[in-house]
Amino acid sequence: MLKDHARLMSAFLASGEIVGRKKLQKMIYISKKLTFPFQERFQFHFYGPYSEELTLRVEELCNMGFISEVREKKGGYFQYRYTITEEGQGFLNMYEEEMPFLKDCLEDMNLQSARFLELVSTILYFDNLEKDEVKEKIFTLKRKQKYTAEEVDEAYEYINQLKYKIH
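Presented here is a report on the structure given in the accompanying data block. (Residues numbered from 1 in each chain as written. Predicted model: local features only at pLDDT ≥ 70, side-chain atom pairs only at ≥ 80, totals over all residues. Heavy atoms only, no water.)

1. Quick word on helix 6 (residues 114-125)
Using the following cut-off: In DSSP terms, a helix is any run of H or I states spanning at least four residues, a strand is any run of E spanning at least two, and both are numbered starting from the N terminus. Helices are assigned an expected span. That span is 1.5 Å times one less than the residue count. For the exposure calls, accessible area comes from a 1.4 Å probe over protein chains only, and a residue counts as buried if that area is under 20% of its type's maximum, exposed if over 50%, partly exposed in between. Throughout, a residue-residue contact means that at least one pair of heavy atoms, one from each residue, lies within 4.5 Å.
Between its first and last C-alpha atoms helix 6 spans 16 Å; for 12 residues at 1.5 Å apiece the expected length is 16 Å, and the two agree. The buried fraction of helix 6 is high, at nine of 12 residues. Turning to helix 6, its buried residues number three or more, namely Phe 116, Leu 117, Glu 118, Leu 119, Val 120, Ser 121, Thr 122, Ile 123 and Leu 124. Against helix 2 (21-33), strand 2 (43-45), strand 3 (48-50), helix 5 (102-110), helix 7 (131-141) and helix 8 (149-166) lie the buried residues of helix 6.

2. As for the layout of surface pockets
It is a probe the size of a water molecule, rolled over the atoms, that shows where empty space is left. Counted only if it meets this: Both site types are read off a 1 Å grid over the protein atoms alone. A 1.4 Å probe that fits but cannot get out defines a cavity, while an open set with protein on both sides within 12 Å along at least five of seven lines defines a pocket; lining residues have an atom within 4 Å of a point. Grid points are joined across faces, edges and corners, and a volume is the space filled by probe spheres set on the points. In this classification, Asp, Glu, Lys and Arg are treated as charged, Ala, Val, Leu, Ile, Met, Phe, Trp, Tyr, Cys and Pro as nonpolar, and every other residue, Gly included, as polar.
Here the largest pocket is characterised by a volume of approximately 470 Å³. Arg 21, Lys 22, Gln 25, Tyr 50 and Thr 55 are, among the 19 residues lining the largest pocket, the residues nearest its centre. Of all elements in the fold, only helix 2, strand 3 and helix 3 (52-63) reach the threshold of two or more residues within the lining of the largest pocket. At six residues, the largest contribution of residues to the lining of the largest pocket is made by helix 2. Among the residues making up the lining of the largest pocket, the classes are represented as nine nonpolar, four polar and six charged.

3. Side note on the pattern of salt bridges
Oppositely charged side chains may form a pair once their charged atoms are brought near each other. Going by this rule: The salt bridge criterion pairs a side-chain nitrogen of Lys or Arg with a carboxyl oxygen of Asp or Glu, the two atoms within 4 Å.
Under the definition given, this model contains 15 salt bridges. Where Lys 33 meets Asp 127, a salt bridge forms, and the shortest distance between an N and an O atom there is 3.1 Å. Of the two residues, Lys 33 sits in helix 2 while Asp 127 sits in the loop between helix 6 and helix 7, which places them 94 residues apart along the sequence. A residue is classified by how much of its surface remains accessible, and Asp 127, at 46% relative accessible area, is partly exposed. Note that Lys 142 is salt-bridged to Glu 118, the shortest N-O span being 2.7 Å. Pair noted here: Lys 142 is in the loop between helix 7 and helix 8 and Glu 118 is in helix 6, with a separation of 24 residues, a long-range link. In this structure, Lys 142 and Glu 118 share a single accessibility class: buried. In this structure, a network of salt bridges that share partners links the residues Asp 4, Arg 7, Glu 40 and Arg 57.

4. Side note on the pairing of strand 5 (residues 77-84)
Defined as follows: DSSP bridges decide pairing: two strands pair if at least two such bridges lie between them.
The pairing of strand 1 (residues 18-19) with strand 5 spans two bridges and is antiparallel. Its bridge partner lying in strand 5, Val 19 is registered against Arg 81. Where strand 4 (residues 67-74) and strand 5 come together, eight bridges link them in antiparallel fashion. Directly across from Ser 68, in strand 5, lies its bridge partner Thr 83. What sits between strand 4 and strand 5 in their antiparallel hairpin is a turn of two residues, with Gly 75 showing a positive phi close to 65°.

Structure follows, in structure tokens:
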């Protein structure tokens, strides 16, 4: 159990600060699809892949004082900022797991918008399908997001860049 918590805390440490719950979900899902050892199960949800387990694990880490969650009012909604605490870093020092290239990938993902990561994670969710079928699913399931064919191509290119970073 604590092994999965520590892996997640390693992601927070590697990322610095993650702004937004949706972004956090997508970053962990994409990392998992890139073969990093995250164990949370994901299902397809309104905003793409979503993990209830991840939500609960983050809540537990906040309750333990290992992760800081700051809630900010942003227009008509709340935005959440996550960082690892000193206590969390201390715990991680006792439990080190090597995840080469995780920092590079997460830092890169953290620079992307949540909207773009939603597209990338949706493509990865349907990675068992042909590219044309994936595009069709995106244009159907994500109609409200109004993704363009160019954005889909950019997302595929981005996935290849991330895969290149870890190999």
